[in-house]
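Structural description and commentary
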Amino acid sequence: MCGIVGFTGSQDAGPLLLEGLKRLEYRGYDSAGIAVQSGGVIRAAKASGHLRNLCEQTHDGADLPGVCGIGHTRWATHGAPTVTNAHPHLSDDGVFAVVHNGIIENYAELREELQGRGFVFHSETDTEVVVHLLDCYYKGDLKAAVMKTVSRLNGSYALGVVCADHPGELIAVKSASPLILGVGVGESFFASDVTALVGHTRNVIYLEDGEFASLTPDRITVFDCAGREINKTISRVVWDVEAAEKGGYEHFMLKEIMEQPRALKAAIEPRIKDGRIVLDGVELTAEQLRNIRRVVITACGSAYHAGCVGRYIMEELCRIPVEAEVASELRYRNPLIGQDTLVIVISQSGETADTIAALKECKARGARTLAIVNVVGSTVAKLADDVLYTWAGPEIAVATTKGYTTQVAVLSLLSVYMARKLERIGEERFGELVKGICSLPERCQRAIDLNTHVGYLAKRYHNNSSLFFIGRNLDYAACLEASLKLKEISYIHSEAYAAGELKHGTIALIDEGRLVVALCCYEALFDKLVSNIKEVKARGAKVLAVAQEGNRHIFAEADDVLFAPAIDPLLVPITEIVPLQLFAYYVAKENGCDIDKPKNLAKSVTVE
Ligand code: F6R
């Protein structure tokens, strides 16, 4: 949601800012703008809709000369996605331009106050108060004006500021919204995430909440909220620009599906040493684990679905009560969470507003918190007591694929690790599970190779207006993700149903030709699932089954079959989701959808 970039150096800023915004497109946006400072003047250009409109309007940035500027892609919250509401917002005297990601919660009262002082508002945005506050407090000392402005703001904000009186200087401010600084040679950058930086530098500084920075081409100075200069570590981003490009694939989503074997390898391999599981720096002793009465897994969207899979695996292996709950519910529920609760927070981006809030709530109640996160240095990673990174590499497509499977893989590792420490599983079962987890990269590749006919099935079924995914136990947990994947990129209504629940009402919707996707890889309940298949077929449904490779019985039951390679029963969701990710992808493609950037969605949901 909303992307911010800033550049100061000796190259033309306009084209660089547009290129940075292009790399942030995946976050979701509906308008864009840039502002470039030169010769004591700030020039800005904004356009609604696709970024290409802004590129055309500015001749790829050439119309805005200058070597220092800021840019923004806006995902509308306060006010429609119009040019007026697009960022940057400029002060009336043209001295300041501001871009913002987040929400200024007290904007209404600030707006009223500023209007009382004679400031005229042009947009409906919350952001505009920031530029007027800067204008109001600026008496020649930029740092002082920034500090005074920030002290008036409540809410979440990453801000980028240029001031016409300070040539070549950018200001970056971070509070509860992501902002990363890029350290180049004779040039400096900021951006909402590293994908916009890695083409120029892999040396980055992660700002903490409450910090702000002054960037010039040769120097980055970071201050705490009291204005004291602080020393920051420069971190090196481990992946390069190719990881954030399509690499010959038509869509990022397809590339990321295909990358899953590699991503799983990166998540798993370094954590298995001489047949033991080593969880980075996370120390969970047998005694600490014995004191845990309950595990609560919390997250949003697909990350929550990974948590639902984790719940089945962890409870089965550890024999501790495990719950999974969406973060937006948990945070407002006065939950029974205390020192005897282990809270596992899952997030690909590490910046999801509800997940962060739930994590803070659980910490405040004394729980030990462990985060499973992909983005290094993200807010969730910083807030949690312990972090297990998924090492999936950059995920650009809005619909997560490798993010999800690596989350489930890390949850599986954690569950097996805990179960062995608690002595709930013996050496033999431990060995089997470790072997199963280690085989996931190769099994995932097999899942891709086995389903070359998935595009053909998508052609057959893409016209369905509404469909059901059914399964039991871990198959059901996988249904949740399969259904979301399909609906979010193809806009086809679908529901995930525990197969045994169907006849308690929903079976009324099964009629002639309705597609039911039946996940039957959890073999212990295969016969039960077959009964459910028979029930829906008897009412005219078409059944597309997902079954384990080698299961011959399924041909007698289903109209069509996708295959997942055989694996330990507890790991089936990771292999069976792969053909269903592909199915969702090809159905969306058949329907001509914007696969990498589905309508109304943002990659990183930084507002609640
Ligand atoms: C769906 C999807 C979303 C995210 C959710 C949480 O494909 O990607 O449902 O899973 O918005 O995002 P993170 O994992 O970044 O917290």
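Right, let's walk through the structure included here. None of the values given here were measured: they were computed from a predicted structure. (Residues numbered from 1 in each chain as written. Predicted model: local features only at pLDDT ≥ 70, side-chain atom pairs only at ≥ 80, totals over all residues. Heavy atoms only, no water.)

Moving on, we get to the sheet that holds strand β19 (residues 322–326). Spatial strand order, β19-β18-β20-β21-β22: 5 strands in an open sheet with parallel pairing. Either end of the sheet is taken by a strand with one partner, and the two such strands are β19 and β22 (386–389). In this sheet, neighbouring strand axes are inclined to one another by 20° on average, regardless of whether the strands run parallel or antiparallel. As judged from the 6 bridges shared by strand β20 (residues 341–347) and strand β21 (residues 368–373), these two strands associate in the parallel manner. Paired with Val345 across the bridge in β21 is Ala371. The sheet contacts of helix α11 (residues 353–364) involve β18 (294–299), β20 and β21, and relative to β20 the element is tilted by about 165°. (Pairing = 2+ DSSP bridges. Helix = DSSP H or I, 4+ residues; strand = E, 2+ residues; numbered from the N terminus. Axes fitted to C-alpha atoms, helices over the stretch in contact; angles between N-to-C directions. Contact = heavy atoms within 4.5 Å.)

Under the defined criterion, the tally for this structure stands at 2 cavities of 30 Å³ or more. A volume near 110 Å³ is recorded for the largest cavity. Looking at the largest cavity, it is lined by 13 residues, and the ones nearest its centre are Cys2, Trp75, Thr77, His100 and Gly102. Of the residues contributing to the lining of the largest cavity, the split by class is 4 nonpolar, 7 polar and 2 charged. Val5, Gly6, Phe7, Leu16, Leu17, Gly20, Phe189, Phe190, Ala191, Ala196, Leu197 and His200 together form the lining of the second largest cavity. Within the residue set of the lining of the second largest cavity, elements represented by two or more residues are β1 (3–8), α1 (13–24) and β10 (188–191). Partitioned by chemical class, the residues of the lining of the second largest cavity number 9 nonpolar, 3 polar and no charged. (1 Å grid on protein atoms, 1.4 Å probe; cavity = no way out; pocket = protein on both sides within 12 Å on 5 of 7 lines; lining within 4 Å. Points joined across faces, edges and corners; volume = space filled by probe spheres on them. Nonpolar A, V, L, I, M, F, W, Y, C, P; charged D, E, K, R; others polar.)

Looking now at the packing of helix α13 (residues 402–421) against helix α20 (residues 572–590). Running from N to C, α13 and α20 point in directions that differ by 175°, and their axes come no closer than 10 Å. Taken together, the axes of α13 and α20 lie roughly antiparallel to each other. Taken together, the residues of α20 that come into contact with α13 (itself represented by Tyr404, Thr405, Val408, Ala409 and Ser412) are Ile574, Ile577 and Gln581. Split by residue class, the contact of α13 with α20 holds 5 nonpolar, 3 polar and no charged. (Parallel < 35°, antiparallel > 145°, perpendicular 65-115°, else oblique.)

This paragraph deals with the sheet that holds β10. Spatial ordering of the open sheet is given by β3-β2-β4-β1-β10-β9-β11-β15, a layout of 8 strands whose pairing is antiparallel. The open sheet has two edge strands, β3 (41–48) and β15 (235–236), and neither has a second partner. By the bridge criterion, 6 bridges tie β1 to strand β4 (residues 68–74) in an arrangement that is antiparallel. Across the sheet, Phe7 pairs through a bridge with Gly69, a residue of β4. Each of β1, β2 (31–38) and β4 touches α1; the most contacted strand, β1, lies at about 150° to it.

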